[in-house]
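Spelled out from the first residue to the last, the chains are:
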Amino acid sequence: MVRFMAVFAACVLAGAAQDRSDEPVLERNPFTSAADRARGKQIFLAQCAPCHGPDGNGGRGANLARPRLPRASTDSALFRIIRDGIPGTEMPGAWVLIDREIWQVAAYVQTLGQRAAERISGNARRGEDLFRTKGKCLTCHTVRFTGGRMGPALTEVGRSRSAAFLRRKLLRPDAEIPEGYIFVEAVTRDGSRLSGFRLNEDTYSIQVRDLSDRLHSLWKDELSELRRSSAYTPMPSFDGVFTAAELDDLVAYLISLRGES
Amino acid sequence: MKRIVFILLAAWPLAGQVSFERIVRAESEPGNWLTYSGNYSGHRHSPLDQIQAGNVARLKPVWMYQVNALHKLETTPLVVDGIMYLTEPPSNLTALDTRTGRKLWIYRRSTPKDVRVCCGQVNRGAAILDDLVFLGTVDAHLVALDARTGLVRWDVKVADYKTGYSITVAPLAVRDKIIVGVAGGEYGVRGLLDAYDARTGKRVWRFWTIPSPGEKGSETWDSESWKTGSATTWVTGSFDPETNLVYWGTGNPGPDWNGDVRRGDNLYSDCLLALDADTGKLKWHFQFTPHDVHDWDSVQVPVLAEATIRGERKKVVLFANRNGFYYVLDRSNGHFLSGRPLARQTWAKGLDDNGRPVLLPGMDPSTEGTKVYPSVAGATNWFSPSYNPKTNLFYVAVREEGSVYYKGDADYKAGSLFNAGGFKGIPGEEPYGAIRALEPATGAVRWEFRLFSPPWAGVLSTAGGVVFGGTNEGNFLALDASTGKTLWRFQTGGQVISNPISYLSDGKQQVAIAAGNAVLAFGLE
């Protein structure tokens, strides 16, 4: 028991010596130069990439290549997460990095999901009109609180997608299907058919939102056919529908959607 | 009070007296689960047959034990005479009653905040010997607890956690010793396997999995690279009482994805070691992946069995490896007897007559990324296979997945990650998993049950003709051992990252599995 108490005390001391979560953190990142970001990238590749992927696209760890990191919307919040980890998750604290290195990693992480607003020739106001009328885009896409549920919400699309991508998407919607959009076609044993997007799946069951927005949960052993496609999209091509100028306007509008009210 | 004591004594007359001889003869008391894999041979097979293919459809939860922990639950519980000993992350141990699921005691360890664990503060189980229960800790200690009270009998430091060592493995009790390995393969530690006197905690032997200069095998490392070469020992091995040999797998060489700084075969990384249980002396080794650059730890559970190879009956080790191949080795000398792919693999043309992989060009990690099967998590991983001597089938959960492997630079700094690269999934591909039944002598697939995603759960076979397994999506399932058809399934609500066990509680067979943050026990009523 004496030995146990000694070990216990040693552990507490070690923990206290290493625990930096009470130390104050600067509001703004002081290390954001190109050289800092380059060093941050090196550290990221060595220490963060095994879980978050070399591009920060996620894997075992969260996807960091996104416009807003939900747990780290400010410099100091991101610093704290890198330094202290996230209790309750697998994200460990970076015990051996000094503060400057943590800031450098933070600077690099913030570049992963950000694309500078691009200069484009179209008129966003006209683009918005086209989006709502001629394009009927709100049938399937939500902007803020309005729109359909079938396609990805576009409220912040200007942060994560480039103008070139959006233009390509309007002309060739099937060229790059967003991650997680698996189109499912199922036939039940009694012959009824169903198609829509997969919400969830395990070895024995699958959950689907159909094209009429209804939710379904199906046992696979009650299906006679089940096909999945990550290459299909119900989005029509707007090639030939919009003029080149209209397309510019639409892209200008989409790029302006950055989640700000 | 007197009455309570009397009832407890009546219920658990033998509690806490698990002799070495009992573990050797584990098959003769199938009501208990005395060691990590159920027996020393690594079979994870229960001789119980109350639950059978014909009645498993009636299986129901008996109780559920919720762990108040933030980390993943990877434990394989032990069961001795109605008491379950289960480890909880990060380094706690609970004893509970298998009839009611109620806790008897808990050992809570205060662990430092800055422990170095690459992949979660987990613990895979305990060992029991006589009246002591043993667990390793994330701060790299080995602790002996009184099996009746959970009070600490001794606590020894195995290695310095600040340099990257941790213990996640379930120790193995052999004769009067506790054998324990270490994790830390992503931190450039030097791997080791230790044996401690079970009564005193005094270290009896240590086997360094990387030889130092001058020792045999040291020529397989570049200059100083042996010091940071990893080759850790984080999954419980097997033991053969006849030869007194301990069979234990070793992990990847470090750094993981850049082999330039450690040219050579890097012995004894990615090996199966056969060590004398009394002295820790190396009897033989077999290296599965010489100079590994994909992080394919060979720490899978070695399964000791007999098989007829080219007309000759032999004592063998069956080994389904993370690198994508299935191996049969001669148990007496480590010689390669047969092997074949276990899952899709694209890095080797095959295995030569000695079992050494014949490499295909261009499969090393690169700056721009190299697509290789299997994935960094491997064709299988630390979760256990199962061998059923009655059906003579080897059951294994398999991952059909590839990775894009990146090579990077990493300077070694004690206690810091030492990976030199990274990986990601292959864009646009949906990986999957399977539970497969293999013919032990050849590795030929007898049947396969496909899983939605590459699993992290091991399998248990039973004399009732059932194979239990789990999925990432929370399914706990029972398959027909001879056909692979689903007989029963239960949605646990949490990812299954553990191995099932079976035992008797009050004379009734239970099957238990950790899923999410809970341990669930199932029975027929």
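Residues numbered from 1 in each chain as written. Chains lettered and ligands numbered in written order. Predicted model: local features only at pLDDT ≥ 70, side-chain atom pairs only at ≥ 80, totals over all residues.

> What should I look at first to understand the overall build of chain B in this one?
Regarding its fold elements, chain B presents two helices and 38 strands. Oriented by its inertia axes, the alpha-carbon framework of chain B measures out at about 70 × 50 × 45 Å. By residue count, 61% of the 525 residues in chain B fall in the buried class. (Helix = DSSP H or I, 4+ residues; strand = E, 2+ residues; numbered from the N terminus. Buried ≥ 20, exposed ≤ 12 C-beta atoms within 10 Å, placed from the backbone.)

> Hey, could you run me through the overall build of chain A in this one?
When its secondary structure is counted, chain A shows eight helices and seven strands. In chain A, buried positions account for 29% of the 261 residues.

> Hey, could you run me through the nonpolar core in this one?
One recurring pattern in soluble globular proteins is that nonpolar side chains are buried together. Judged by nonpolar contacts, the single largest core of 187 residues is most densely connected at B:Tyr85, B:Ala126, B:Ile128, B:Phe134, B:Ala173, B:Ile178 and B:Val182. When residues of this core are assigned to their parent elements, the largest contribution, seven residues, is made by helix α4 (residues 99-112) of chain A. Look past the residues within four positions of B:Ile178 in its chain and what remains in contact with it is B:Ala127, B:Leu129, B:Phe134, B:Leu142, B:Pro171, B:Ala173, B:Ala195, B:Tyr196 and B:Ala198. Of all hydrophobic cores here, the second largest spans 18 residues; its members include A:Phe131, A:Cys137, A:Leu154 and A:Leu170. (Core = buried A, V, L, I, M, F, W, Y, C linked by C-beta atoms within 7 Å. Contact = placed C-beta atoms within 7 Å.)

> Hey, could you run me through the packing of helix α7 (residues 163-171) of chain A against helix α8 (residues 244-256) of chain A in this one?
When two helices pack together, their arrangement is given by the angle between the helix axes and the distance between those axes. Residue and element names in this part refer to chain A. For the pair α7 and α8, the least separation of the axes is 10 Å and the interaxial angle reads 125°. Classified by the angle their axes make, α7 and α8 are oblique. Here the hand of the crossing between α7 and α8 comes out right-handed. Only Leu-247, Leu-250, Val-251, Leu-254 and Ile-255 of α8 make contact with α7, whose side of the interface consists of Ala-163, Leu-166, Arg-167 and Leu-170. Of the residues in the contact of α7 with α8, the class split is eight nonpolar, no polar and one charged. (Axes fitted to C-alpha atoms, helices over the stretch in contact; angles between N-to-C directions. Parallel < 35°, antiparallel > 145°, perpendicular 65-115°, else oblique. Left-handed = near helix turned anticlockwise from the far one by under 90°. Nonpolar A, V, L, I, M, F, W, Y, C, P; charged D, E, K, R; others polar.)

> Can you walk me through the confidence of the model for chain B in this structure?
Low-pLDDT stretches of the model should not have their predicted coordinates read in fine detail. Of the residues in chain B, 97% reach a pLDDT of 70 or more, and the chain-wide mean stands at 95. Quick note on the complex model: pTM equals 0.87, ipTM equals 0.88. (pLDDT = per-residue confidence, 0-100.)

> It is not clear to me how the sheet that holds strand β35 (residues 486-491) of chain B should be interpreted in this structure. Could you clarify?
Strands belonging to one sheet form pairs held by backbone hydrogen bonds; the direction of such a pair is parallel or antiparallel. Residue and element names in this part refer to chain B. Strand order in the open sheet formed by five strands is β1-β32-β33-β34-β35, with mixed pairing between adjacent strands. Only two strands of the sheet have a single partner each, and these edge strands are β1 (45-46) and β35. Here strand β33 (residues 466-470) pairs with strand β34 (residues 475-480) via five bridges, running antiparallel. Paired with Gly-469 across the bridge in β34 is Leu-477. (Pairing = 2+ DSSP bridges.)

> Would you mind showing me how to read the sheet that holds strand β36 (residues 501-505) of chain B here?
Residue and element names in this part refer to chain B. Taken in spatial order, the four strands of this open sheet run β2-β38-β37-β36, and their pairing is antiparallel. Looking at strand neighbours, the two that pair on one side only are β2 (60-66) and β36, the edges of this open sheet. With direction set aside, neighbouring strand axes in the sheet form an average angle of 30°. Relative to strand β38 (residues 518-523), β2 runs antiparallel, the two being bridged by six bridges. Looking across to β38, one finds that Met-64 is bridged to Leu-520.

> I keep staring at α7(A) and nothing clicks. Help me out?
Since there are 3.6 residues in each turn of an α-helix, residues three or four apart along the chain are aligned in direction. Residue and element names in this part refer to chain A. Residues of α7 that are buried include every one of Ala-163, Leu-166, Lys-169 and Leu-170, and no others. All buried residues of α7 project into a common sector of 125° when viewed along the axis, lining one side. Buried residues along α7 sit against α8. (Arc of directions from axis to C-beta.)

> Looking at this model, I keep getting lost on unusual backbone geometry. Mind explaining?
Both trends apply: most residues other than glycine have a negative phi, and most peptide bonds are in trans. Residues and elements named next belong to chain B. Residues Pro-89 and Pro-90 are joined by a peptide bond in cis, for which omega reads 0°. Mapped onto the secondary structure, Pro-90 falls in the loop between β4 (83-88) and β5 (92-97). In the segment running from Tyr-373 into Pro-374, the intervening peptide bond is cis, with an omega of 0°. Mapped onto the secondary structure, Pro-374 falls in the loop between β25 (370-372) and β26 (386-388). We note that Arg-175 has phi near 55°; this positive angle belongs to a residue other than glycine. Residue position: Arg-175 is located in the loop between β11 (172-174) and β12 (177-181). Its 18 C-beta neighbours within 10 Å are what place Arg-175 among the partly exposed residues. Notably, Asn-244 is not glycine yet its phi reads approximately 60°, a positive angle.

> What's the story with the packing of helix α3 (residues 75-84) of chain A against α4(A) in this structure? I'm lost.
Residue and element names in this part refer to chain A. Relative orientation of the contacting elements α3 and α4 amounts to 120°, with a least axis distance of 9 Å. The handedness of the crossing between α3 and α4 is right-handed. Between α3, through Asp-75, Leu-78, Phe-79, Ile-82 and Arg-83, and α4, the contact on the second element is made entirely by Ile-102, Trp-103, Val-105, Ala-106 and Val-109. In the contact of α3 with α4, the residues fall into eight nonpolar, no polar and two charged.

> Mind showing me how you'd approach the confidence of the model for chain A here?
All names here are of chain A. Overall, the predicted model of chain A reaches an average pLDDT of 83, with 86% of residues at or above 70. Of all secondary-structure elements in chain A, the lowest mean pLDDT belongs to helix α1 (residues 2-18), at 31, while helix α5 (residues 124-132) reaches the highest, 97. In the predicted structure, residues 1-18 sits below a pLDDT of 50 and forms 18 contacts with residues beyond four places in sequence or in another chain.

> Quick question: what am I supposed to make of α8(A) here?
Over its 13 residues, α8(A) runs 18 Å from end to end, which matches the ideal 18 Å to within 8%, given 1.5 Å per residue. Considered for burial, the residues of α8(A) that qualify are A:Glu246, A:Leu247, A:Asp249, A:Leu250, A:Val251, A:Ala252, A:Tyr253, A:Leu254 and A:Ile255. (Expected span 1.5 Å × (residues − 1).)

> Just checking my understanding: could you explain the pairing of strand β16 (residues 245-249) of chain B for this structure?
Looking along a regular strand, one sees the side chains alternate between the two faces of the sheet. Residues and elements named next belong to chain B. With respect to burial, β16 is a largely interior element, five of its five residues being buried. Burial along β16 is two-sided: Leu-245, Tyr-247 and Gly-249 and Val-246 and Trp-248, pointing in opposite directions, are all buried. Of the strand pairs in this sheet, strand β15 (residues 238-240) and β16 are connected by three bridges, and their pairing is antiparallel. Counted as the bridge partner of Asp-240 is Leu-245 from β16. Counted between consecutive antiparallel strands, the loop separating β15 from β16 contains four residues, among which Asn-244 sits at a positive phi close to 60°. As defined by bridge partners, β16 adjoins strand β17 (residues 271-276) across five bridges and the pair is classed as antiparallel. The residue of β17 that forms the bridge with Val-246 is Leu-275.

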